[in-house]
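If you want the building blocks of each chain, they are given just below.
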Amino acid sequence: LFLLAVLSYFLANQTGIRAAGVGYAFWALLIGLVISNTVGTPGWLKPALRSELYIKTGLVLLGAEILFNRILNLGPPGLFVAWLVTPIVIFFMYRFGTRVLKIASPSLVIVIAAATSVCGVSAAIAVAAAARAKKDELTLAVGMTLVFTVVMMILMPMGIRAIGMDPIVGAAWIGGTVDATGAVVAAGAMLGEEAGQVAAVVKMIQNVLIGVVAFLVAVYWVTTIEKKEGAARPAVSEIWTRFPKFILGFIGASLLFSFVLVPTLGDDTVTGVLDITSDFRGWFFCLAFVSIGLESNMKRLMGQVQDGQPIKLYLVGQTFNLVLTLVAAYLAFGGILFERVL
């Protein structure tokens, strides 16, 4: 499994492929899908397919990268863009998917909504655990997210420069809409160093919502979606059972690095530590994507998208997200509601 992850990184780091923004996650998922749907996943490899373990470990390490001193650098403008738009988009997409498109699986709808509005794969994994989504539903949401993330990462900076948009406003727009943190950093950097920092911090602020969204989804699923008519009100213990516990590690890592390690070791030392932990996070995510691919069946996946409803949900939701985030970014970083931060 590790050798397949190495192959994914090898392909992703070829000069032309890297310039196009096709990252390791895409290759890891593709390699896994090709193997599982051609020769089949070997039985001796299956015990290593611990996708949830890998992704949850990676998410805990991601928590270490969310430093509150960096979040405070942007203050209210960053919070305005990241925390105002996200819940609105999730609510809109869930209602649109279940009421308008009438997608039969509410868990598929909420996973796609979380992936679109929060931070792509990481949010999809957390919410899938809270809603007990099927593995094929998670694979479908992750696959769509990865494909459109590459497209947005390339087109958004080009469009922002072409129309002469304020790069700081454009960076906040990118940070609030492009799904993957790595893609946000790359796209923001195309607009300049300061813009790259704004994009990264807006996405970092948005990442904080992973735990909040997962908890609220767990509560809603237990109290509403899975509640049987005439059944007693579910106990708090059921919500605790459903709640993805790795979120506590995610929060704990953020608090440890923000309020213990930064004050005692200093920013430079912590940055050096984070360079190492972020590499480990990348490897765990890569192992997870290979595992997801090796466990997925394309025939079942195609059965879910043959009517095109999940793709419609993503396209409509992401369009709504783009428009709403652009308005929020302009109000927050364009000097209208708040003073310019950079």
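Residues numbered from 1 in each chain as written. Predicted model: local features only at pLDDT ≥ 70, side-chain atom pairs only at ≥ 80, totals over all residues. Heavy atoms only, no water.

Quick word on the packing of helix 6 (residues 106-119) against helix 8 (residues 135-162)
- Where helix 6 contacts helix 8, the two axes come as close as 9 Å, and the packing angle between them is 30°. Our classification of the angle between helix 6 and helix 8 gives roughly parallel. Taken as a pair, helix 6 and helix 8 cross one another with a handedness that is right-handed. Between helix 6 and helix 8, the residues in contact are S107, L108, V111, I112 and A115 and E137, L138, L140, A141, M144 and T145, respectively.
- Looking at the contact of helix 6 with helix 8 residue by residue, the class counts come to eight nonpolar, two polar and one charged. (Axes fitted to C-alpha atoms, helices over the stretch in contact; angles between N-to-C directions. Helix = DSSP H or I, 4+ residues; strand = E, 2+ residues; numbered from the N terminus. Parallel < 35°, antiparallel > 145°, perpendicular 65-115°, else oblique. Left-handed = near helix turned anticlockwise from the far one by under 90°. Contact = heavy atoms within 4.5 Å. Nonpolar A, V, L, I, M, F, W, Y, C, P; charged D, E, K, R; others polar.)

Regarding the nonpolar core
- The biggest cluster of nonpolar side chains holds 107 residues, and the ones touching the most others in it are I110, V111, F289 and F333.
- With eleven residues, the top contributor of residues to this core is helix 8. (Core = buried A, V, L, I, M, F, W, Y, C linked by side-chain atoms within 4.5 Å. Buried < 20%, exposed > 50% of the residue type's maximum accessible area, 1.4 Å probe, protein only.)

Considering the side chain of R281
- Residue placement: R281 occurs in helix 15 (residues 267-294).
- R281 sits in the buried class, given a relative accessible area of 16%.
- Apart from residues lying up to four places away in sequence, R281 is in contact with G58, L61, L62 and E65.

Looking at the packing of aromatic side chains
- For the structure shown, the criterion picks out 13 aromatic pairs.
- Seen in terms of ring centroids, F92 and F96 are 5.8 Å apart; in terms of plane orientation they differ by 15°. Their pairing is stacked. Taken together, the residues span about one helical turn, with F92 and F96 both in helix 5 (residues 68-100) at a distance of four residues.
- What makes F92 partly exposed here is its relative accessible area of 27%.
- An aromatic cluster of at least three residues, connected via ring pairs, comprises F2, Y9, Y24 and W283. (Phe/Tyr/Trp six-rings, centres within 6.5 Å; stacked < 30°, edge-to-face > 60°.)

Observations concerning unusual backbone geometry
- Of note, K102 is a non-glycine position whose phi angle comes to about 55°, a positive value.
- By secondary structure assignment, the location of K102 is in the loop between helix 5 and helix 6.
- A relative accessible area of 64% places K102 in the exposed class.
- Located in the positive-phi region is R132, a residue other than glycine, with phi close to 50°.
- Inspection of the secondary structure puts R132 in the loop between helix 7 (121-131) and helix 8.

Some points on helix 11 (residues 193-207)
- Under the 1.5 Å per step criterion, the end-to-end length of helix 11 is 21 Å for 15 residues, consistent within 8% with the ideal 21 Å.
- Within helix 11, twelve of the 15 residues are buried, which leaves it mostly tucked inside the rest of the structure.
- Three or more residues of helix 11 are buried, namely A195, G196, V198, A199, A200, V201, V202, K203, M204, I205, Q206 and N207. (Expected span 1.5 Å × (residues − 1).)

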